[in-house]
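Residue-level listing of the chains:
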Amino acid sequence: MDLPKSDEMVEALATGFQNLYNKYTRSENGPQDGGGRRDVYIVPVNNNTAVAAAADDAQSQFLLQQRYRPKARKTFVFDARHLCQVKTVKWHMMRQSRLRASTGQCCPVCIPNTSWGNPKVKSNLKNLLDIYNIGNIQKSMFGCFVDDLKFFYQLKSQEYKYIYDEVLEDEVVEKAIAAAARNACAEDAVVGDSRLDEEMKTQQANTRRILTVISANVKNWVYKVIGWFTYRMISLLATSLVVQPMQIDRVREAEQSGLPVIYLPLHKSHMDYILLGLVLTVNNIKPPLVAAGENLRVFFISKLLSFLGAFYIKRHIDTKRDQLYWSVLSSYIKNSMKNGHHIEFFLEGARTRSGKCCVPKAGLLSIIVDAYREKVIEDAWIIPVSMNYDRILEGNFVREQLGQPKKKETFFAAISTFIKAICSHYGIMRVDFNKPYRLRDLYESIDKLTKLENESLNKNGMEIMSTTICYKTTVDRMAKHIVYDCWKSTPIMSTHAVCFLLLNKHRNGTTLEQLAKDLTMMRDKLSQADRDIGFSGMSIEVIKHALDLLGPKLVVYENTDSGCIVKPILDVPVLIELSYYGNNLISHYMHQSLVALTICKLVSQDFLNNAITETKISRKDLIGDVTFLTNLLQFDFVFIKPCDTLDNIVDSVIRHFEEEEIILMDLMLEEERRSQYMAKMLDSDSDDDYQRPYVEIDVKYRVSTNEKSLNQLKFYRSVMMPYLECMAESAGSFLALSENSVTEREHVQTILNQMHENLEEGILSYGESISLDTIKHSFLAFEKFDCLQITTKDNIKTLQIINNQPSELNPSMQAMSDYIEEFVKQIN
């Protein structure tokens, strides 16, 4: 029977390939090439009968030879028919090992000693809950329970020096005691006065009381016992506790260098410091002293945590009013580092209530920088850390986001939470360490940037910053840089990805197959952007795992005639909890979302509804609106690293939008803009008295009318929309005030009630926009825009509208409200 022409061509190609491979393929034991490598056999497999018979004979001979070889090499198999269908059939390559991006790299601009690029490394994740995989413990006849005890008993005992007396004898503390005593006495008090002596004794006793509360009293045997107990409990709560051994090796090298190590984790759960201490303990790395809030000083737990390295500090410290407390705390931290202790604290302060990272507070970081500047320590290692969970132990923070008071930490509340946790399952827990870098490198780079900015202000005839303000600005920028880098390198967990897709693409539900398809596309794009993915496996199985962890109270998963349907429950508390997990991906999409929000504002509604064919937007207008959004949301997000610029970020997003065919750029205008920019830079460097006038060319971008591109633009827009909707509601609420001022607590409740009503009426599109944190941050933003004045008296904050007349609306707040409303307009 004659073969069709296409099959004849396949047969001819297959024969040709086989002859080619036979010509250049040699025995496994034959000669080596120049690099010492031997040849690998490649065996063709075809469906054609004649070709298959020849292939079978060749394979039989191959297997016969293999039988007498001392070492067998892996056989690579190809299908000649697939080679002929290369345009329609995807070629699947076999890999010996999976490569992933080396996440948590240092900033190449601010840390000059780091390597450039983001190299790929072999995936070597390790589950620390497998005790036989992390130590030299062999399985015994007594089982893992006894083996765990043996492992923790054999751990290295770390040295912790008690520095109580050193702090009391510190010169800075003694000066603070004397100053506090003089302030408490009459102005005419002199040395030797009995009143001053009595007050000195009172302040010294007060100092000892403060230091007793602050000081940690680490006990190695407690660390081992609690470490074993925690290890057993986490084994019950979680599927695995994942770390990367390469990161652990870097931390160990930093710890063994002799310099103090500063661990700076993002704060999501009370499990954060427990997991970090456990990971370091099981790897025989000295755990740090941990800064804990005074709210954790409850019966029994406070003493136990002190034995584990916790030192307690006030949540809010006024460095001017409470100088004695600040001096004792500063001295304690500095002397701890001087005596070989490592320090851990959370730059964000409290746990995040929204899932995203919070804008950092640089108070404790300033103490570390002071220690370096005062030569108390030679230098220190900075290690940002991120802890990630499929589910957090605390459950959710819905109550607090809806304006209800926070529950007080008590011993019985802790026991109740522990019992509930034992009865639940929390999936995968993961701890990631960014690459360690020197405190000196980061400080000097940011300090130089601040000084250059101050010089620029001086040249332009503007008021320059004082030395104190310069230093404070430098430390604030350091904190933002650390948090930004850590959040950007945080791995994405399965529940994060599923919640993000449900809220931003499928709020009304979708099929399991479509959700799996979108998840696969998201995973590919995240991997291309060098974001680490904290899960693996088929997308459908990943989704089922995430839905099982989220539970039926958050997501509906049901079988229908059209297939398996997945949809989120659209109640406000549920949306807030789902957004907590979904917000972890905002770190990747926030810049695209800002630009998408601006584009949708600049184009007309008719264009978004495909009523017109083309529209253009101005780059100048685009930059202006993005700048406004970053300033408006500056208390919710860290958008830009101190060493980066908004222009660079917008350019990066525009290039990304070009690849997705959302933006079509006029190339000639772009080239002319770059030429003008270079000319300006050359002229500014010239010493000539005459400089040519610089005329800036405004680039015009065309927005694509493609339906797919518009849908992608709306998807990016939806990421930040809940925050803009909350800002719009907050601004509008001030226009309805009948009085000039109102207390913050009262007005927050008014806004929350109004947002619930607007959501029911369909004015609001996103239920998760109802957020106490964002409402309070909006007040701070309006104050920065000179629309609002905030005063505090007797711990009560009062909001006062600037230049408001009883008979007319405040023009500044009216303009602010109208401007924000342009971003949140409804789009069909």
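All values reported here derive from a predicted model rather than from experimental measurement. (Residues numbered from 1 in each chain as written. Predicted model: local features only at pLDDT ≥ 70, side-chain atom pairs only at ≥ 80, totals over all residues. Heavy atoms only, no water.)

Peer 1: Can you help me understand the packing of helix α16 (residues 439–459) against helix α17 (residues 467–488) in this one?
Peer 2: For any two helices packed against each other, one specifies the crossing angle of their axes together with the interaxial distance. With their axes 9 Å apart at the nearest point, α16 and α17 run at an angle of 125° to one another. Overall, the two elements α16 and α17 adopt an arrangement that is oblique. Considering only the axes of α16 and α17, their crossing is right-handed. Contacts from Leu-439, Leu-442, Tyr-443, Ile-446, Asp-447, Leu-449, Thr-450, Glu-453 and Asn-454 in α16 reach Cys-470, Tyr-471, Thr-473, Thr-474, Arg-477, Met-478, His-481 and Ile-482 in α17. Of the residues contributing to the contact of α16 with α17, the split by class is 9 nonpolar, 5 polar and 3 charged. (Axes fitted to C-alpha atoms, helices over the stretch in contact; angles between N-to-C directions. Helix = DSSP H or I, 4+ residues; strand = E, 2+ residues; numbered from the N terminus. Parallel < 35°, antiparallel > 145°, perpendicular 65-115°, else oblique. Left-handed = near helix turned anticlockwise from the far one by under 90°. Contact = heavy atoms within 4.5 Å. Nonpolar A, V, L, I, M, F, W, Y, C, P; charged D, E, K, R; others polar.)

Peer 1: Help me understand the packing of aromatic side chains in this model?
Peer 2: The way to describe two aromatic rings as a pair is by their centre distance and the angle between their planes. If you walk through the whole model with that rule in mind, you get 23 aromatic pairs. Each ring, one from Phe-397 and one from Tyr-580, has its centre 5.9 Å from the other, and the planes form 40°; the classification is tilted. You can see Phe-397 sitting in the loop between β11 (381–389) and α14 (398–401) and its partner Tyr-580 sitting in helix α21 (residues 572–582), a full 183 residues away along the chain. With 5.4 Å between their ring centres and 80° between their planes, Tyr-580 and Tyr-581 make a pair best called edge-to-face. Under the relative-accessibility criterion, Tyr-580 is labelled buried at 5%. A relative accessible area of 2% means that Tyr-581 is categorised as buried. The structure contains a cluster of three or more aromatic residues connected by ring pairs, namely Phe-500, Tyr-589, Phe-657, Phe-715 and Tyr-716. Sitting over the face of the ring of Tyr-471, Arg-373 holds its NZ or CZ atom 4.2 Å from the ring centroid. If you follow Lys-601 out to its NZ or CZ, it ends over the ring of Phe-823, 5.6 Å from the centre. (Phe/Tyr/Trp six-rings, centres within 6.5 Å; stacked < 30°, edge-to-face > 60°. Buried < 20%, exposed > 50% of the residue type's maximum accessible area, 1.4 Å probe, protein only. Lys NZ or Arg CZ within 6 Å of the ring centre and 35° of its normal.)

Peer 1: How should I be thinking about the pairing of strand β7 (residues 261–265) in this particular structure?
Peer 2: Regular strands show a simple pattern: their side chains alternate between the two faces of the sheet. Burial of β7 is extensive: 5 of the 5 residues sit out of reach of the surface. Because side chains alternate across β7, one face comprises the buried residues Val-261, Tyr-263 and Pro-265, and the other comprises Ile-262 and Leu-264, equally buried. Sheet topology note: the β7/β11 ladder contains 5 bridges and is parallel. Residue pairing for β11: Val-261 is matched across the bridge by Trp-381. Relative to strand β10 (residues 343–344), β7 is paired through 2 bridges, and the arrangement is parallel. Directly across from Tyr-263, in β10, lies its bridge partner Glu-344. (Pairing = 2+ DSSP bridges.)

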